[in-house]
Amino acid sequence: MKKFIIPVCSLGLLLTLVSVDAVGQRRGGGGGGGRGGFAGGGARPAGGGGFKAGGSVGARPGGVVQSYGGGSIGSRASTPIVGPGGGVGQAGKAGGSITTKGGSNIQYGGAGIGGTTPGGIQGGKYVGGIQVTTPGGKEVGKIGTGGAAVGPGGKAIGGKQSIAGGTGPQGSFTTKSKSGAAIGPQGGVAGKATVGKSVGPGGTHVGGGAYGGAANPYGAVAGRAGFVAGQGGTYYRSAAAIRGQGVYVRQGVVNYPCFRPGWYVQYPGAWLAAGWAAGYAWRAPTWVACSGFCGYPAAPIYYDYGTTVVYQDNGVYIDGTRTASAEEYAQQATTLAESGREAKSNKDDEWLPLGVFAMVQGEEKTSNHIFQLAVNKQNVIRGNYYDAVTDSTALVYGTVDPKTQRAAWTVGDRKTPVFEAGIANLTKEETTLLVHYGKDRTQQSTLIRIEDPEKTNPEKAK
């Protein structure tokens, strides 16, 4: 690892500084790479490139012995860049090594450049790396790059990415992270993604996560999703944790306009059963009402994914008994959803509302995905899916298997993903849900029942 990290850092510094010097000679300066007027690239603003009085790293030649161990900290240096366009940039570099009292050796290196163009664009870019070697032979290294730019109108964009790795007596790990943000006149968006891999005595594990934030027409929203490969499509979540999550989710969607009387006027293609009074779509049935309406057995079958239904070793176990492979189980849900799409139904049929649900993944506390569901006496599921980010809706098609009491549905013209839950679970306030993206990929999510805002908070519902 040590032999890999340090040459890469040195090469990154060398390339950065060479490009800076070349740009200063050919184009009169210019931040970070020299193809644009600011670090990170882009079109060069009118009037020529070149930064004016940028962020200097500062100059400190020579080495310094630190007080807690010994060894040279290294040196820092800066280089001015003057261009014919009127801009003056500043580039700097730093590097060195530290040896701690405990015997660990730390080597580092980095370089940066930044400034302001005559056109008023500010920017900067950096590259750096660090390598740590412990007396016990463990090694950890990290390489990172980043950049940012701000225009005269206040628009800003920035990002960074890093790669880290390490080795030790019990195994090794690697991670990669990338994040960014942008701010404009209409609001801002931000995101972060990470991927990691670890190898140890227990085997190899791969995981990933994504975080994001954005402004939609009804307020800011945020999201988080994660997965762990090798453990199947389910994971345990306590009822208390889901209930607590539901409190936040309900607060976050109270201002959404969907499934109210005026909303159906704006979306005449949305599904609504004939004869339903205002607010009827939000009603939550009891299991007794649902089983009596549809003719199901009195005993409900609950599908609590991660608890009573578990993915393990490419198989699906229900109450501890393997019932199907993961591929077979996903295909069963797909077949069920397709039969619901093909089933003949009419809005004039007698329909039982199952209510309105917000779908969340992992530990998300707000949702952009809203389902309104209903079932008829022929076990056909219909309803609407509302996307709060795009402020759009699509029809829901599905059905219920009366023997297994599994319910599955799809959205719009898409055959995937397939959403699955027990029909008895859809009479609860919160329930886990399976989302089949294909025969070889299934993800567990959660449905949170949303109460009619016209009744719970009339002022906010207006």
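Residues numbered from 1 in each chain as written. Predicted model: local features only at pLDDT ≥ 70, side-chain atom pairs only at ≥ 80, totals over all residues. Heavy atoms only, no water.

Q: Honestly, helix α2 (residues 239-252) in this entry has me stumped. Any pointers?
A: Side chains that are three or four residues apart share a direction in an α-helix, a result of its 3.6 residues per turn. For α2, with 14 residues, the first-to-last C-alpha span of 20 Å sits near the 20 Å given by 1.5 Å per residue. Where α2 is concerned, the buried positions are Ile242, Gln245, Gly246 and Val249. Tucked into the core, α2 has its buried residues touching β14 (351-360), β20 (430-438) and β21 (441-450). (Helix = DSSP H or I, 4+ residues; strand = E, 2+ residues; numbered from the N terminus. Expected span 1.5 Å × (residues − 1). Buried < 20%, exposed > 50% of the residue type's maximum accessible area, 1.4 Å probe, protein only. Contact = heavy atoms within 4.5 Å.)

Q: What exactly am I supposed to notice about the nonpolar core here?
A: Across soluble globular proteins, you tend to see nonpolar side chains buried next to one another. In terms of nonpolar packing, the biggest core is built from 27 residues, with Phe371, Leu373, Trp409 and Leu426 touching the most fellow members. Listed by contribution, the elements that provide at least two residues to this core are α4 (287-294), β14, β15 (369-376), β16 (380-387), β17 (392-400), β18 (406-411), β19 (418-422) and β20. Not counting chain neighbours up to four residues away, the residues in contact with leucine 373 comprise Pro353, Leu354, Gly355, Phe357, Ile381, Arg382, Val396, Trp409 and Leu426. Within the second largest apolar cluster, 26 residues are counted, among which are Val253, Trp263, Ala270 and Val380. (Core = buried A, V, L, I, M, F, W, Y, C linked by side-chain atoms within 4.5 Å.)

Q: Could you clarify how one ought to interpret the pattern of salt bridges in this entry?
A: Note that side chains of opposite charge can pair when their charged atoms are close. Summed over the entire model, instances satisfying the criterion amount to five salt bridges. For the salt bridge of aspartate 304 with lysine 428, the shortest nitrogen-to-oxygen distance reads 3.6 Å. Of this pair, aspartate 304 sits in the loop between α4 and β11 (309-312) while lysine 428 sits in the loop between β19 and β20, and the two are 124 residues apart along the sequence. Of the residues examined, aspartate 304 reaches a relative accessible area of 22% and is grouped as partly exposed. Between arginine 406 and glutamate 420 there is a salt bridge, and its shortest N-O distance comes to 3.0 Å. On the criterion of sequence distance, the pair formed by arginine 406 in strand β18 and glutamate 420 in strand β19 is long-range, its members being 14 residues apart. What makes glutamate 420 buried here is its relative accessible area of 0%. (Salt bridge = Lys/Arg side-chain N within 4 Å of Asp/Glu carboxyl O.)

Q: What am I meant to see in the packing of aromatic side chains here?
A: Any pair of aromatic rings gets described here by the distance separating the centres and the angle formed by the planes. Within the structure shown, the criterion is met by 16 aromatic pairs. Centre to centre, the rings of tryptophan 263 and tyrosine 386 are 6.2 Å apart; their planes meet at 85 degrees, and the pair counts as edge-to-face. Placement of tryptophan 263 in helix α3 (residues 261-266) and of tyrosine 386 in strand β16 is noted, with a sequence separation of 123 residues between them. Neither tryptophan 263 nor tyrosine 386 differs from the other in exposure class; each is buried. In this structure, lysine 365 packs its charged tip against the face of tyrosine 248, placed 4.3 Å from the ring centre. Here the guanidinium or amino end of arginine 441 rests over the ring plane of tyrosine 437, the centre of that ring lying 4.2 Å away. (Phe/Tyr/Trp six-rings, centres within 6.5 Å; stacked < 30°, edge-to-face > 60°. Lys NZ or Arg CZ within 6 Å of the ring centre and 35° of its normal.)

Q: In this structure, what is going on with the sheet that holds β11? I would like to understand it.
A: Hydrogen bonding along the main chain pairs the strands of a sheet, whether they run parallel or antiparallel. Overall, antiparallel pairing links the three strands, which are arranged β11-β12-β13 in an open sheet. Looking at the sheet topology across the chains shown, the edges are occupied by β11 and β13 (321-325). Each adjacent strand pair in this sheet contributes to an overall mean axis angle of 30 degrees, direction not counted. Strand direction decides the pairing type here: β11 and strand β12 (residues 315-318), joined by four bridges, are antiparallel. Bridge pairing in β12 links valine 309 to isoleucine 318. Lying on the sheet, helix α5 (residues 326-342) is in contact with β11, β12 and β13; it crosses β13 at an angle near 70 degrees. (Pairing = 2+ DSSP bridges. Axes fitted to C-alpha atoms, helices over the stretch in contact; angles between N-to-C directions.)

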